[in-house]
Amino acid sequence: METKVLKLESPTYQEVIEKGAMIIKNGGLVAFPTETVYGLGANGLDQEAVCKIYEAKGRPSDNPMILHISSREMLKKLVRDIPKAAEDCMDMFWPGPLTMIFFKKDIIPEKVCAGLDTVAIRMPSDSFARNLIEGSGVPIAAPSANTSGRPSPTKASHVLEDMAGKIDLIVDGGPTEVGIESTVLDMTVNPPMLLRPGGVTLEDLKALLGEVDVDPALLGGKPKEVLHPKSPGQKYKHYAPKAECLLFAGNLKNVAKEVDKRIKENPNKKIAVLATEETLDLYREKPYLMINMGSREHLQEIAHNIFNALRECDEAEVDLIYVEGFSFQGMGQGIMNRLLKACGGKVVLGL
Ligand code: TXA
Ligand code: MG
């Protein structure tokens, strides 16, 4: 299959929407930008089309997908019950990077939800994404548009790396804004439970809802809980770059010292260091690749850059990645969740 790439303005914005919508209606696959990461979309009411997504990504079939909608009318057709807390979240955070879990109606094919009785739904704020959904006239099932296990794509070139020859169309809308995926909040329990930290912070949710539980698997619960998390996607080693990755947590000067020491001890290894604006000058050794993820004062900027940084390490074919840790406050929680997965949980603590 030849994978077409269209920039948003070529031939014209409207034509790109029409082409994309036509492919979705005909049961094909379209990768498109959202404000978080690129999604790999198919008609969410067409079981066969949804199966093509699992195939293109190499995604385990027990990992359910998010349905993307463009209006609240669409939501009513898909879910059995909309709790008051969900209405409040919609008023505050939709359209935007918040996914909510509801009890599903039978109209949704089983494969979308991997056999669960619930469905994940999100209304993206990216206007192209919403226009594509509107033009298709159906909810669009879309996981992140990466090969399963690789870092999520934040640029069209990332999608092309993973999906060339496997899907019909990639719409290039430039780099995505948020850079990490949406927050996933389970509204089928009371209080609502955070299943994946993301573009909307836990602090923001608590300010609106009062009480919000956190999936124990997210808090690095006991191994048993990690093996059986509520959100199936959380159990897989995600976002993993090809090289071995190690996270360093603690006092930043000590982090730099420890990393310097390890660079010195491994002169034959190609080492990448993922540092920050504030720490760049603390390093004395020069690694093979030094990436500045952005300023610690602007965690949004770090989130925007992390997946791209991990893919750059892959491109440079480094052997080892040393990455600095962050606090779990605000966006830090989502950033650390992605970094810990990239490292497969390997952390050097107490520096
Ligand atoms: O920002 C995003 O959410 C991006 C863009 C494209 O919208 N999408 C995305 O999709 O990250 P994906 O498939 O990579 O992640 C969806 C997450 C997975 O962890 C999955 O297990 C969880 O949502 N999920 C989906 N349906 C669920 C359900 N019914 N119950 C619990 N978790 C669910
Ligand atoms: Mg994903």
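The rules we used
Residues numbered from 1 in each chain as written. Chains lettered and ligands numbered in written order. Predicted model: local features only at pLDDT ≥ 70, side-chain atom pairs only at ≥ 80, totals over all residues. Heavy atoms only, no water. Pairing = 2+ DSSP bridges. Helix = DSSP H or I, 4+ residues; strand = E, 2+ residues; numbered from the N terminus. Contact = heavy atoms within 4.5 Å. Axes fitted to C-alpha atoms, helices over the stretch in contact; angles between N-to-C directions. Domains from an automatic or database assignment. Buried area = accessible area lost by both parts, 1.4 Å probe. Phe/Tyr/Trp six-rings, centres within 6.5 Å; stacked < 30°, edge-to-face > 60°. Buried < 20%, exposed > 50% of the residue type's maximum accessible area, 1.4 Å probe, protein only. Parallel < 35°, antiparallel > 145°, perpendicular 65-115°, else oblique. Left-handed = near helix turned anticlockwise from the far one by under 90°.

1. Notes on the sheet that holds strand S12 (residues 244–248)
Alright, step 1. Ordered in space as S14-S13-S15-S12-S16, the five strands form an open sheet in which the pairing is parallel. The open sheet has two free edges, formed respectively by strand S14 (289–292) and strand S16 (347–348), since each of these has just one partner strand.
Alright, step 2. The pairing of S12 with strand S15 (residues 320–324) spans five bridges and is classified as parallel. The partner of Leu246 across the bridge, within S15, is Tyr322.
Alright, step 3. Against the sheet, helix H10 (residues 299–315) engages strand S13 (271–275), S14 and S15, with an angle of about 170° to S14.
Alright, step 4. Along the sheet face, helix H11 (residues 332–342) touches S12, S15 and S16 and points at about 135° away from the line of S12.

2. Quick word on the domain arrangement of the chain
Alright, step 1. Per the domain assignment, the segments of the chain are domain 1 (4–219) and domain 2 (244–348).
Alright, step 2. Its C-alpha centre places domain 1 at a distance of 29 Å from the equivalent point of domain 2.
Alright, step 3. Taken together, the contact pairs 28 residues of domain 1 with 18 residues of domain 2.
Alright, step 4. Taking both partners together, domain 1 and domain 2 bury about 1700 Å²; carbon and sulfur atoms supply 50% of that area.

3. Some remarks on the packing of aromatic side chains
Alright, step 1. For the coordinates displayed, the defined rule picks out two aromatic pairs.
Alright, step 2. On the basis of an interplanar angle of 80° and a centroid distance of 5.2 Å, the ring pair of Phe248 and Tyr322 is categorised as edge-to-face. On the criterion of sequence distance, the pair formed by Phe248 in strand S12 and Tyr322 in strand S15 is long-range, its members being 74 residues apart.
Alright, step 3. Judged by relative accessible area, which is 1%, Phe248 ranks as buried.

4. Considering the pairing of S12
Alright, step 1. In terms of burial, S12 is largely enclosed, as four of its five residues are buried.
Alright, step 2. Where S12 and S16 come together, two bridges link them in parallel fashion. Across the sheet, the residue bridging to Phe248 is Val348, located in S16.

5. Concerning the packing of helix H4 (residues 84–93) against helix H7 (residues 202–209)
Helices that pack against each other are described as a pair by the angle of their axes relative to one another and the distance between those axes.
Alright, step 1. In contact at an axis separation of 10 Å, H4 and H7 are set at 125° when each is read in the N-to-C sense. Judged by the angle between their axes, H4 and H7 are oblique. Relative to H7, the crossing made by H4 is right-handed. Residue-level contacts link Ala85, Asp88, Cys89, Met92 and Phe93 of H4 to Asp204, Leu205, Leu208 and Leu209 of H7.

6. As for the side chain of Gln333
Alright, step 1. Here Gln333 is to be found in helix H11.
Alright, step 2. According to the relative accessible area criterion, Gln333 is buried, its value standing at 12%.
Alright, step 3. Setting aside its immediate chain neighbours within four residues, Gln333 contacts Leu194, Pro197, Leu202, Ser327 and Phe328.

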